[in-house]
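Here are the chains, one letter per residue:
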Number of protein chains: 2
Amino acid sequence: MGEPRIKGYEYGHVPISPVTLKELKELEATVGFTDQDRACLKQAGTFLDDDAEALVDGWRKTIGSQPHLAQWFFGPDHRPDEGYKSAVKPRFVRWVIDVFSRPFDQAWLDYQQEIGLRHTPAKKNKTDRTATPEVVPLRYLIAFTAPVLESVRRHLQAKGLPAAEVDHIHAAWTKAVMLSIALWSNPYTKEGLW
Amino acid sequence: MGEPRIKGYEYGHVPISPVTLKELKELEATVGFTDQDRACLKQAGTFLDDDAEALVDGWRKTIGSQPHLAQWFFGPDHRPDEGYKSAVKPRFVRWVIDVFSRPFDQAWLDYQQEIGLRHTPAKKNKTDRTATPEVVPLRYLIAFTAPVLESVRRHLQAKGLPAAEVDHIHAAWTKAVMLSIALWSNPYTKEGLW
């Protein structure tokens, strides 16, 4: 099979994260992520991977409808950079699939640092050689978790899953998303405060 | 009636936040916080205010059980600073009650900045004249939202509330918590990246 080729998706081929595996394990304990959550996400991925694009489309629609969120995808002409938007999208979808399917190991850790950097002046616009604003402010990464968490619950309910299963998947998803954001915040944070 | 006196709780008497009301409104839109969410939290507060201390006790038990979380409450002797812990607790409880009951206005905005600062070298230990570590790292503030969100859902379910009401309160709580953390992250963040 192999994975579909996604431009700029360099999982397994990025620098080693400055965050240690020990710090990752401590963060996993903090969010409360367990082996059962890992198994739950893996199982959920078998029927959610195909929905990942629809979920991302929903989030991007929300982003597009709020000027303070949409502006980070604008070019120098103050209009949406459609090339950038379409380049970013499959990688956004892939992040969802990775959360469901990948072990949270060194490769995953490294790639979360890369994703964080790609939202900051260090690496934003580099991958796609674009000229959008040089940062997505941290406050929006943190705040946007709310719709990202809620939409997955509604999606699972709409699929008709039993309430207990919805609760388990949603809890595991919540832990994984907050773990991701905690890691992405690293390059934004002042020395010694991360 | 009046509010019970809480040492170091200075709501309405702290400096004006560098975050503007416009930025607050944009963050409220980002998390998706609506007038219905405000009304829902206010209503939930009428029966959850009395539970706020039990919720906080549960979170602190979780914190105490994880050395990487507990250490930020330690004194120079590498043991829990019980004076600090007991000074902080009623303010933590009050944050929960404030989320349920206060309007997200200038006073609330100002106080979220104060709370953020009190987790960083700028103001940690100042209020209680303690000598604990000078920061609670940002990654733990972000990651610990997962148990804070999940425990409220379980608490509401244990109270026997109808599933739809649990969902609504939990969604509103999620939005309010992520809004709080987005604001608390301000003093941690590098110039221009917040």
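That block above? That's the structure.
Below, the structure is looked at part by part. Being a predicted model, the structure only gives us computed values, none of them experimental. Every residue gets a number counted from 1 within its own chain, in the order that chain's sequence is written. Each chain takes a letter, starting from A, and each ligand takes a number, starting from 1, following the order in which they are written. Selection of residues for local features in this predicted model requires a pLDDT of at least 70, selection of side-chain atom pairs for listing and counting requires 80 or more, and totals for whole chains, interfaces and linings are taken over all residues.

1. What about the overall build of chain A?
Phase 1 of the analysis: A count of helical and extended segments in chain A gives 9 helices and 0 strands.
Phase 2 of the analysis: N-terminal to C-terminal, the α/β element order of chain A is α-α-α-α-α-α-α-α-α.
Phase 3 of the analysis: Computation of the radius of gyration draws on C-alpha atoms, with the globule rule given as 2.2 Å multiplied by the number of residues to the power 0.38. What you see for chain A is a C-alpha radius of gyration of 17 Å, in line with the 16 Å of a compact globule of 194 residues.
Phase 4 of the analysis: Taking the principal axes of the C-alpha coordinates as reference, chain A spans close to 50 × 40 × 35 Å.
Phase 5 of the analysis: Residue pairs are scored as contacts if the distance between their C-beta atoms, which are placed from the backbone, is within 7 Å. Nonlocal contacts in chain A, meaning residues at least 24 apart in sequence, comprise 77% of its contacts between residues at least 6 apart. Comment: elements are numbered from the N terminus, with helices defined as DSSP H or I runs of at least four residues and strands as E runs of at least two.

2. A short note on helix α9 (residues 163-184) of chain A
Phase 1 of the analysis: In this model α9 of chain A runs 31 Å from its N-terminal to its C-terminal C-alpha over 22 residues, within 8% of the 32 Å that 1.5 Å per residue would give.
Phase 2 of the analysis: Counting other C-beta atoms within 10 Å of a residue's own tells you its class, since 20 or more makes it buried, 12 or fewer makes it exposed, and anything in between is partly exposed; those C-beta atoms are placed from the backbone. The element α9 of chain A is extensively covered by neighbouring structure, given that 17 of its 22 residues are classed as buried. Given a helix with a known number of residues, its expected span is that number minus one, times 1.5 Å.

3. What to know about the interface of chain A and chain B
Often, the extent of an interface is quoted as the loss of accessible area upon association of its parts.
Phase 1 of the analysis: Contact residues are listed per partner, giving 37 residues for chain A and 37 residues for chain B.
Phase 2 of the analysis: Sorting the residues of the side of chain A that touches chain B by element identifies α1 (21-31), α4 (67-70), α7 (138-143), α8 (145-158) and α9 of chain A as the ones contributing at least two each.
Phase 3 of the analysis: Ranked by the residues each element gives to the side of chain A that touches chain B, the list is headed by α9 of chain A, at 8 residues.
Phase 4 of the analysis: Each residue receives one of three labels: charged for Asp, Glu, Lys and Arg, nonpolar for Ala, Val, Leu, Ile, Met, Phe, Trp, Tyr, Cys and Pro, and polar for the others, Gly being one of them. Its residues placed into classes, the side of chain A that touches chain B shows 23 nonpolar, 9 polar and 5 charged.

4. A closer look at the packing of helix α3 (residues 52-64) of chain A against α8 of chain A
All names here are of chain A.
Phase 1 of the analysis: The axes are straight lines fitted to the C-alpha atoms, using for helices just the contacting stretch, and the angles between their N-to-C directions are given from 0 to 180°. Relative to each other, α3 and α8 sit at 135 degrees, their axes nearing to 11 Å. Between α3 and α8, the angle is such that the two are oblique. Relative to α8, α3 is oriented so that their crossing is right-handed. Residues L55, G58, W59 and T62 of α3 pack against P147, V148, S151, V152 and H155 of α8. By the definition adopted for this analysis, an angle is roughly parallel if under 35 degrees, roughly antiparallel if over 145, roughly perpendicular if from 65 to 115, and oblique otherwise. It is the rotation of the near helix from the far one that decides the hand of a crossing: anticlockwise by less than a right angle makes it left-handed, clockwise makes it right-handed.

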